[in-house]
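# Geometric and topological summary
Now for the letters of each chain:
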Amino acid sequence: MTGAGEDWLRDGLGVDGMDSGLWVAGNDYVQGWREAREVADRLNRAFLGAGFELSGLRAVASTDEEGRGVVRVVGWPGAANRLGGLLEALVDGDGGAR
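### Side note on the nonpolar core
Ala 36, Ala 40, Phe 47, Phe 52, Leu 57, Ala 59, Ala 61, Ala 79 and Leu 83 form the largest nonpolar core, which has nine residues in total. Of all the elements in the fold, those that place two or more residues in this core are helix H1 (29-49), strand E1 (57-63) and helix H2 (77-89). The contact partners of Leu 83, leaving out residues within four places of it in the chain, are Phe 47, Phe 52, Leu 57 and Val 73.

### As for the packing of aromatic side chains
This structure, assessed with the given rule, holds one aromatic pair. Relative to Phe 52, the ring of Phe 47 lies with its centre 5.9 Å away and its plane at 70°, an arrangement referred to as edge-to-face. Each member of the pair Phe 47 and Phe 52 is classed as buried.

### Some remarks on the pattern of salt bridges
Applying the stated rule across the entire model yields three salt bridges. A salt bridge links Asp 41 to Arg 37, with the shortest nitrogen-to-oxygen separation between them at 3.2 Å. Taken together, the positions of Asp 41 and Arg 37, both in helix H1 and four residues apart, correspond to about one turn of that helix. Linking Glu 66 and Arg 68 is a salt bridge whose minimum nitrogen-to-oxygen distance equals 3.5 Å. Residue classification places Arg 68 among the partly exposed positions, given a relative accessible area of 48%. Put simply, Asp 64, Glu 66 and Arg 68 are held in one network by salt bridges that share partners.

### Thoughts on H1
Compared with an ideal rise of 1.5 Å per residue, which puts 21 residues at 30 Å, H1 spans 30 Å between its outermost C-alpha atoms and is within 8% of the ideal. Taken as a whole, H1 has its buried residues at Tyr 29, Gly 32, Ala 36, Ala 40, Asp 41, Asn 44 and Phe 47. Here the buried face of H1 lies against E1, strand E2 (69-75) and H2. Positive backbone phi, at 95°, marks Gly 51, one or two positions downstream of H1.

Criteria and cut-off values
Residues numbered from 1 in each chain as written. Predicted model: local features only at pLDDT ≥ 70, side-chain atom pairs only at ≥ 80, totals over all residues. Heavy atoms only, no water. Core = buried A, V, L, I, M, F, W, Y, C linked by side-chain atoms within 4.5 Å. Buried < 20%, exposed > 50% of the residue type's maximum accessible area, 1.4 Å probe, protein only. Helix = DSSP H or I, 4+ residues; strand = E, 2+ residues; numbered from the N terminus. Contact = heavy atoms within 4.5 Å. Phe/Tyr/Trp six-rings, centres within 6.5 Å; stacked < 30°, edge-to-face > 60°. Salt bridge = Lys/Arg side-chain N within 4 Å of Asp/Glu carboxyl O. Expected span 1.5 Å × (residues − 1).

Listed below in structure tokens is the structure:
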């Protein structure tokens, strides 16, 4: 998912993507990251469709220490608060989807 420019991932939020840390030989971190990247791209398209700017809220692909894909949603508090409100509007009082 592209953003404002070549370095869109670092625009505003200072997110570095894949976590730093010890990698274990034999774990396929790239495959986990690719899977997470596809999902992060889908979420980012949904965020854009809902009127969010990727400089304020976005999904970021990463992996855990075992090579499993991880998708994190990162954003400024105001954007995350707006997302929370949109999600709450989709859920009824009993926690089920409307």
